[in-house]
Amino acid sequence: MATSGTSLRRRRLGVALRELRERAGMTHQQVGPALDCSPSKLSRIENGEVGVRRSDLLVLLDLYGLDDAGQREELIELARESKRRGGWWLQYGELTHPYLKLIQLESEAASIRGNELTLIPGLLQTEDYARALIRTASPDEDEEVERRVGIRLTRQEILYRPNPPEFWVVLDEAALHRHIGGVATMKDQLDALAAACERPNITVQVLPFEHGEYEAMTGTFRVMRFPDHRDPDTVYLEGFGGTVYLDDTRDIARYSLVFDHLCAAALSPQLSRQRILAVAQSLAEHV
């Protein structure tokens, strides 16, 4: 499966530009007129959400007083490489920016850690389970449902490629008991989840009902880390109102600590697999 480093290069360039602007003591409002653009566009450039033209980049580097020829050339090369189009997702046409960003970051991550409240995480869903979930949002659009199922299944290939990322999720036990797609589909999903637990790069821990209340009960998150230290860790937050990406070091530290607390509260990976198989076995009696 082809992947692309475009997203990371764009983010790396944005971080560098933000640092140069702050070092120059300038605000977005002060820089905007030089490019004839809004402060919000500059913010999107610095967040890696959009690219920057070479001509605009040269204006920024001059404005920020960057004289180091080597660093200038490095940033110009980053801008050029960030415009390359590539990746398996192109075959599926236009994707919303937040979802495309998630796909790109997943494909480039060295580790993905987080929690899940009521569902099996997308990277571990079976085809029938994913189809049942997606159909709830598009009940009368068979073509769109199959397109989105295809995207989800292709996303999962990162876990089975050579040198796959580490995927570690703490799963609320509620996710094991919600019968998505019916009893048969749910049993197959739990069997597949238990099998995935045996892979060395996949860790699933179940946070049991008997534990009671715990941190992060109100939303799901992922902390993604990347092979190159120059690429900042990213927190992905998902909720009914949309998605949010955070890369501030304080946010990274806070969510990493929450994840550690969840792991400590959850069943061990071995006991978690036993719990998954026990629920699957109880469903087998009703299939």
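Residues numbered from 1 in each chain as written. Predicted model: local features only at pLDDT ≥ 70, side-chain atom pairs only at ≥ 80, totals over all residues. Heavy atoms only, no water.

Engineer: How do you make sense of the overall build of the protein chain when you look at a structure like this?
Structural biologist: Per the secondary structure count, the protein chain includes twelve helices and six strands. Structurally, the protein chain occupies a C-alpha span of about 70 × 40 × 35 Å along its principal axes. Among the 287 residues that make up the protein chain, the fraction classed as buried is 48%. A separation of at least 24 residues holds for 73% of the contacts in the protein chain among residues at least 6 apart in sequence. About 14,300 Å² of surface is accessible on the protein chain, with carbon and sulfur atoms providing 50% of the total. Charge-centre separation for the protein chain: the mean point of 35 positive side chains lies 4 Å from the mean point of 44 negative side chains. (Helix = DSSP H or I, 4+ residues; strand = E, 2+ residues; numbered from the N terminus. Buried < 20%, exposed > 50% of the residue type's maximum accessible area, 1.4 Å probe, protein only. Contact = heavy atoms within 4.5 Å. Areas by Shrake-Rupley, 256 points an atom, 1.4 Å probe, with all protein chains shown as cover. Lys, Arg positive; Asp, Glu negative; His and termini not counted. Charge placed at Lys NZ, Arg CZ, Asp CG, Glu CD.)

Engineer: In this structure, what is going on with the pattern of salt bridges? I would like to understand it.
Structural biologist: Pairs can form between side chains of opposite charge once their charged atoms are near each other. Counted according to the given criterion, the structure contains 21 salt bridges. In this structure, Arg-275 engages Glu-210 in a salt bridge whose closest nitrogen and oxygen atoms are separated by 3.2 Å. Here Arg-275 is found in helix H12 (residues 269-284), whereas its partner Glu-210 is found in the loop between strand S3 (202-207) and strand S4 (220-225), with 65 residues between them in sequence. Exposure remark for Arg-275: the relative accessible area of 22% places this residue in the partly exposed category. You can call Glu-210 exposed: its relative accessible area is 56%. (Salt bridge = Lys/Arg side-chain N within 4 Å of Asp/Glu carboxyl O.)

Engineer: Is there a simple way to think about the nonpolar core in this case?
Structural biologist: Across soluble globular proteins, nonpolar side chains show a tendency to be buried alongside one another. Of all hydrophobic cores here, the largest spans 36 residues; its most connected members are Leu-124, Leu-176, Leu-190, Leu-193, Val-204 and Ile-276. Broken down by secondary-structure element, the contributors of at least two residues to this core are helix H6 (97-108), helix H7 (127-137), strand S2 (166-172), helix H9 (174-177), helix H10 (183-196), S3 and H12. Per element, the largest residue contribution to this core is five residues, and it comes from H10. The next biggest cluster of nonpolar side chains, apart from the first, holds 20 residues, and it includes Ala-16, Leu-42, Leu-57 and Tyr-64. (Core = buried A, V, L, I, M, F, W, Y, C linked by side-chain atoms within 4.5 Å.)

Engineer: Would you take a moment to explain the sheet that holds S2 for this structure?
Structural biologist: One key point about sheets: their strands pair by backbone hydrogen bonds, in either a parallel or an antiparallel sense. Read from one edge of the open sheet, six strands run S3-S2-S1-S4-S5-S6, paired in mixed fashion. Two strands close off the open sheet at either side, each with one partner strand: S3 and strand S6 (242-246). Strand-to-strand twist of the sheet, defined as the mean angle between neighbouring strand axes without regard to direction, takes the value 15°. Strand direction decides the pairing type here: strand S1 (residues 111-116) and S4, joined by four bridges, are antiparallel. Looking at the pairing, Ile-112 lines up with Met-224 of S4. H6 rests against S1, S4, strand S5 (234-239) and S6 of the sheet, and its axis sits at about 45° to S6. Packed onto the sheet, helix H11 (residues 249-265) meets S1, S2, S3, S4, S5 and S6 and runs at close to 115° relative to S4. (Pairing = 2+ DSSP bridges. Axes fitted to C-alpha atoms, helices over the stretch in contact; angles between N-to-C directions.)

Engineer: Help me understand the layout of surface pockets, please; the structure alone is not making it clear to me.
Structural biologist: Space left empty within the atom packing is revealed by a probe, the size of a water molecule, rolled over the atoms. What the largest pocket holds in volume is close to 1,200 Å³. Lining the largest pocket are 39 residues, and of these Leu-119, Arg-148, Arg-152, Tyr-236 and Glu-238 sit closest to its centre. Listed by contribution, the elements that provide at least two residues to the lining of the largest pocket are H6, S1, H7, helix H8 (142-155), S4, S5 and S6. The dominant element in the lining of the largest pocket, judged by the number of residues it contributes, is H8, at six residues. A breakdown of the residues in the lining of the largest pocket according to their chemical character gives 19 nonpolar, ten polar and ten charged. (1 Å grid on protein atoms, 1.4 Å probe; cavity = no way out; pocket = protein on both sides within 12 Å on 5 of 7 lines; lining within 4 Å. Points joined across faces, edges and corners; volume = space filled by probe spheres on them. Nonpolar A, V, L, I, M, F, W, Y, C, P; charged D, E, K, R; others polar.)

Engineer: Could you clarify how one ought to interpret the packing of H7 against H8 in this entry?
Structural biologist: For any two helices packed against each other, one specifies the inter-axial angle together with the distance between the axes. Two numbers describe how H7 lies on H8: the axes approach to 9 Å, and their chain directions differ by 135°. The pairing of H7 with H8 is recorded here as oblique in orientation. In terms of crossing hand, the pair formed by H7 and H8 is right-handed. Contacts from Glu-127, Ala-130, Arg-131, Leu-133, Ile-134, Arg-135 and Ala-137 in H7 reach Asp-142, Val-145, Glu-146, Arg-148, Val-149, Arg-152 and Leu-153 in H8. Class assignment of the residues belonging to the contact of H7 with H8 gives a composition of seven nonpolar, no polar and seven charged. (Parallel < 35°, antiparallel > 145°, perpendicular 65-115°, else oblique. Left-handed = near helix turned anticlockwise from the far one by under 90°.)

Engineer: Where do I start with the side chain of Arg-155 in this structure?
Structural biologist: Turning to its location among the elements, Arg-155 is positioned in helix H8. Polar side-chain contacts of Arg-155 include one of 3.4 Å to the side chain of Tyr-99. Residues in contact with Arg-155, not counting those within four places in the same chain, are Trp-88, Tyr-99, Leu-102, Ile-103, Glu-106 and Leu-123. (Polar contact = N/O pair within 3.5 Å; in protein donor to acceptor, adjacent residues only side chain to side chain.)

Engineer: Quick question: what am I supposed to make of the packing of aromatic side chains here?
Structural biologist: What describes a pair of aromatic rings is the distance from one ring centre to the other and the angle between the planes of the rings. Across all of its chains, the model carries three aromatic pairs by this definition. With 5.9 Å between their ring centres and 85° between their planes, Trp-168 and Phe-259 make a pair best called edge-to-face. A residue pair is termed long-range when its members are at least 10 positions apart, and Trp-168 in strand S2 and Phe-259 in helix H11 qualify at 91 residues. Summarising the aromatic geometry, the rings of Phe-221 and Tyr-255 are spaced 5.2 Å apart at their centres and angled 55° between planes, so their arrangement reads as tilted. (Phe/Tyr/Trp six-rings, centres within 6.5 Å; stacked < 30°, edge-to-face > 60°.)

Any link to function would need more than the numbers given here.
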